[in-house]
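This is what each chain is made of:
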Amino acid sequence: MYDATRLTDKVAIITGGAGGIGAATARLFSQRGARVVIADIAGDRARAVADELPDALPVEVDLASEDSIIAMISATIAHYGKLDILDNNAALLDPDMGPKDIDIEHMESSTWDRTYAVNVRGTMIACREALPHLRSTGGCIINTVSNLALQGHVIQAAYSSSKAAIIQMTRSIAASHGRSGVRCNAVAPGMTMTPALKAAFPEHLRLLVEDETLRNQLGAPEDIAEAVAFLASDAARNITGQLLVCDGGAASHVPGYTAFRTAMGF
Ligand SMILES: NC(=O)c1ccc[n+]([C@@H]2O[C@H](COP(=O)([O-])OP(=O)(O)OC[C@H]3O[C@@H](n4cnc5c(N)ncnc54)[C@H](O)[C@@H]3O)[C@@H](O)[C@H]2O)c1
């Protein structure tokens, strides 16, 4: 029986495919029948994830480098002969960026430039290079952003604004390429408990963010993978130019939600 959520025989590139959400997405895509390219700056970890999956291709790529992105697309076409799905999931999340990316008054231009080089320019070049191939397969793009792109915060001014830029890029691509059969959507995770975050994020702050979710539970990488796999599938054929927020409702409610509940004893 036809199942529109299947990804049978689709070829998908997952950037950052060796990381928490990317690896979960690669495993789910593979279970649903796709052949996946695990594209990551961490070549060893990309090979380890690819080794788990049938007919997966590890590719070492640095999204800060135009040549490297062009080589990633070429390697995919050389190996599989086509491209159906581009999942732009990687982002600059190096631990050394945390203390540097706080507010604009204290922002060094180099922090801003590094963030935009990977997140915005890297995503743009990957889309540009993928589009001719996606046109010939009637394929799609999913850009991973963040619920921090939707609200102001006291931290991550460069990261959050780079993700907001990607949301607008998503709409532009959808508008320009819809008539050629290419869809483009974005997924905005809230805080998601990847192995990297579990290891590094302070417990008292985790509880604070968790309390802002309407489920009183942070998402898992598999929750984001489900949203990406849905948008990548034919089940979402009528959805393009959209942002799917996958954050347990954290960005959906009134300000002071937690304080109000506490004051009311809810
Ligand atoms: N985990 C969260 O709480 C959360 C929340 C909101 C948004 N996101 C977004 O989800 C996506 C995945 O995040 P994650 O939590 O799985 O991160 P992660 O750190 O676990 O994985 C990110 C992967 O991207 C790779 N990468 C980094 N720079 C790269 C580059 N220049 N070229 C190629 N690959 C590169 C890393 O090696 C890593 O494997 C990111 O876009 C992130 O901004 C995550």
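My aim in this report is to walk through the structure given alongside it, one point at a time. Everything numeric here is computed off the predicted structure, so don't read it as measured data.

Attention shifts here to the pairing of strand 2 (residues 35-40). Burial within strand 2 is extensive, with 5 of its 6 residues counted as buried. Examined bridge by bridge, strand 1 (residues 11-15) and strand 2 share 5 bridges and lie parallel to one another. Across the sheet, the residue bridging to Ile-13 is Val-37, located in strand 2. As a crossover connection, the stretch from strand 1 through helix 1 (residues 20-31) into strand 2 is right-handed. Bridging between strand 2 and strand 3 (residues 57-60) involves 4 bridges; their strand directions are parallel. Its bridge partner lying in strand 3, Ile-38 is registered against Pro-58.

What follows covers the sheet that holds strand 2. With parallel pairing, the 7 strands of this open sheet are ordered in space as 3-2-1-4-5-6-7. The outermost strands of the open sheet, each flanked by one partner alone, are strand 3 and strand 7 (243-246). Here the strands of the sheet are splayed against their neighbours by 20 degrees on average, with no regard to which way each runs. Pairing of strand 1 with strand 4 (residues 85-88), which is carried by 3 bridges, proceeds in the parallel orientation. The residue bridging Ile-13 from the neighbouring strand is Leu-86, located in strand 4. Across the sheet, helix 3 (residues 66-80) is in contact with strand 1, strand 2 and strand 3; its angle to strand 3 comes to roughly 160 degrees. Here helix 5 (residues 157-177) sits on the sheet and contacts strand 5 (140-144), strand 6 (183-189) and strand 7; the angle it forms with strand 6, its principal contact strand, is near 160 degrees.

Rules and cut-offs
Residues numbered from 1 in each chain as written. Predicted model: local features only at pLDDT ≥ 70, side-chain atom pairs only at ≥ 80, totals over all residues. Heavy atoms only, no water. Buried < 20%, exposed > 50% of the residue type's maximum accessible area, 1.4 Å probe, protein only. Helix = DSSP H or I, 4+ residues; strand = E, 2+ residues; numbered from the N terminus. Pairing = 2+ DSSP bridges. Right-handed = clockwise from strand over helix to strand, strands pointing away. Axes fitted to C-alpha atoms, helices over the stretch in contact; angles between N-to-C directions. Contact = heavy atoms within 4.5 Å.

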